[in-house]
Amino acid sequence: MKIALLGYGRMGKEIEKIAVSRGHEIVIRKDVDDKIDITLADVAIDFSIPTVAFNNISNCINHQIPVISGTTGWLNEYTKAVNLCEEKQGAFIYASNFSLGVNIFFELNKNLARMMTNLNQYKVSLEEIHHTQKLDAPSGTAISLANDIIAEHSNYKQWKLEESIENTINITAKRIDDIPGTHTVTYKSEVDTITIEHIAHNRQGFALGAVIAAEWIVGKTGVFTMNDVLNIG
Ligand code: NAD
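This write-up is about the structure you can find in this document. (Residues numbered from 1 in each chain as written. Predicted model: local features only at pLDDT ≥ 70, side-chain atom pairs only at ≥ 80, totals over all residues. Heavy atoms only, no water.)

Bringing the sheet that holds strand β8 (residues 168-175) into the picture now. Across the sheet, which stays open at both edges, the five strands sit in the order β7-β8-β6-β9-β10 with mixed pairing between neighbours. Here the strands that pair on one side only, and so sit at the sheet edges, are β7 (158-161) and β10 (193-199). For this sheet the average axis-to-axis angle between neighbouring strands, irrespective of direction, equals 20°. Here strand β9 (residues 182-188) pairs with β10 via seven bridges, running antiparallel. What sits directly across from H183, in β10, is H198. With respect to the sheet, helix α4 (residues 100-116) is in contact with β9 and β10, its orientation differing from that of β10 by roughly 165°. (Pairing = 2+ DSSP bridges. Helix = DSSP H or I, 4+ residues; strand = E, 2+ residues; numbered from the N terminus. Axes fitted to C-alpha atoms, helices over the stretch in contact; angles between N-to-C directions. Contact = heavy atoms within 4.5 Å.)

By the definition in use, this model includes nine salt bridges. The salt bridge partner of K30 is D33, with a shortest N-O separation of 3.9 Å. On the accessibility criterion, D33 (68% relative accessible area) is exposed. Linking K174 and E127 is a salt bridge whose minimum nitrogen-to-oxygen distance equals 3.0 Å. Separated by 47 residues along the polypeptide, K174 in strand β8 and E127 in strand β6 (residues 123-130) bring together distant segments of the chain. Looking at K174, the relative accessible area reads 37%, which means it is partly exposed. (Salt bridge = Lys/Arg side-chain N within 4 Å of Asp/Glu carboxyl O. Buried < 20%, exposed > 50% of the residue type's maximum accessible area, 1.4 Å probe, protein only.)

Lining the immediate environment of the ligand, one finds 24 residues, of which R10, M11, D31, T72 and F98 sit closest. One nitrogen or oxygen atom from the side chain of K134 is found 2.8 Å from an oxygen atom belonging to the ligand. Isolated, the ligand exposes 860 Å² of accessible area, and the fraction of that covered by the protein chains is 84%. Per-class residue counts for the shell around the ligand are 10 nonpolar, nine polar and five charged. (Near = heavy atom within 4 Å. Polar contact = N/O pair within 3.5 Å; in protein donor to acceptor, adjacent residues only side chain to side chain. Areas by Shrake-Rupley, 256 points an atom, 1.4 Å probe, with all protein chains shown as cover. Nonpolar A, V, L, I, M, F, W, Y, C, P; charged D, E, K, R; others polar.)

Tracing the backbone shows D46 in strand β3 (residues 43-46). Buried and unpaired, D46 has K30 as its nearest opposite-charge partner, separated by 7.4 Å. Within the structure, D46 has its side chain in polar contact with the side chain of S48 (distance 2.7 Å). Those residues in contact with D46 that sit more than four places away from it in its chain are L6, A53, N56, I57, I68, S69, G70 and T71. (Lys, Arg positive; Asp, Glu negative; His and termini not counted.)

Further remarks concern the environment of R203. Residue position: R203 is located in the loop between β10 and α6 (204-217). Its relative accessible area of 22% is what places R203 among the partly exposed residues. Taking C-alpha positions, R203 is 8.6 Å from G181, a pair spaced 22 residues apart along the chain.

This part is about the nonpolar core. Counting residues in each nonpolar core, the largest one holds 27 residues, and the members touching the most others are I15, I45, I68, I93 and F98. For this core, the secondary structure elements donating two or more residues are β1 (2-6), α1 (10-21), β3, β5 (91-94), α6 and α7 (226-230). The element contributing the most residues to this core is α6, with seven residues. Residues within four places of F98 in sequence aside, it is in contact with F47, I68, S69, G70, I93, N103, G205, F206, G209, A210, A213 and M226. Within the second largest apolar cluster, 20 residues are counted, among which are L112, M116, Y122 and Y156. (Core = buried A, V, L, I, M, F, W, Y, C linked by side-chain atoms within 4.5 Å.)

For the rest of this paragraph, the subject is the pairing of β9. With respect to burial, β9 is a largely interior element, six of its seven residues being buried. The turn joining β9 and β10, which pair antiparallel and follow one another in sequence, is formed by four residues.

This brings us to unusual backbone geometry. Only a minority of non-glycine residues have a phi that is not negative, and only a minority of peptide bonds are not trans. In this model, A137 is joined to P138 through a cis peptide bond whose omega is -5°. Counting through the fold element by element, P138 comes out in the loop between β6 and α5 (140-150). Even without being a glycine, Q64 presents a positive backbone phi close to 60°. One can find Q64 in the loop between α2 (50-62) and β4 (67-69).

What follows is the structure, encoded as structure tokens:
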């Protein structure tokens, strides 16, 4: 498969290694805001920066090139991307986290949130830790956990960063050198604490998931999630 990498930073380089090892060819490496011919590729993988992700994605959709995006911090434009994809009959997947482990962690958290719904003595909170170069906070994964997993399956309806308010999910974001991504969900009562945690040891899990998603989406039409790719949930 011919792959376009939209963003050639830490993740772009990791994705290249895994894609090449699986027999794919990298035909575009876009790392600045320059003009590219996206039609040279069979599929595009965007791991860029929040301010350019939507342009990268819409360029692919407008040219009928399936696109995978892992860039976080641009979700105010997600609905526009979905609408464009439907209008143009394109193919698009956004995931805040492409690792298999985190997607299993999401499913565990759905079940846990459901079980905790009526146990009002427990207060939920999230903590995420990432490297100091990360541009957005809280992480896309923490936002997915709060909005799509916990709020969707419990009585909590919103989250707040660094603020502990009644009936909201408090998220703490820490920035520490060289941490690829750690997410901890805690339910705490007066008498005990339940904690589940996902720790990424490196970026390979994210990169492999993105390449698997790219292999999966070619030939399909629609807006998908990692649950579709991994057949879980
Ligand atoms: P990075 O800063 O190392 O790389 C981003 C690259 O984008 C930079 O090299 C930058 O030069 C480039 N860029 C700037 N303008 C561009 C443009 N117009 N077109 C294409 N590229 C452009 O960051 P990273 O660690 O590789 O992470 C990239 C994104 O992926 C971040 O938003 C991060 O939060 C996210 N991320 C997601 C997952 C996931 O599984 N979804 C995992 C890790 C990181």
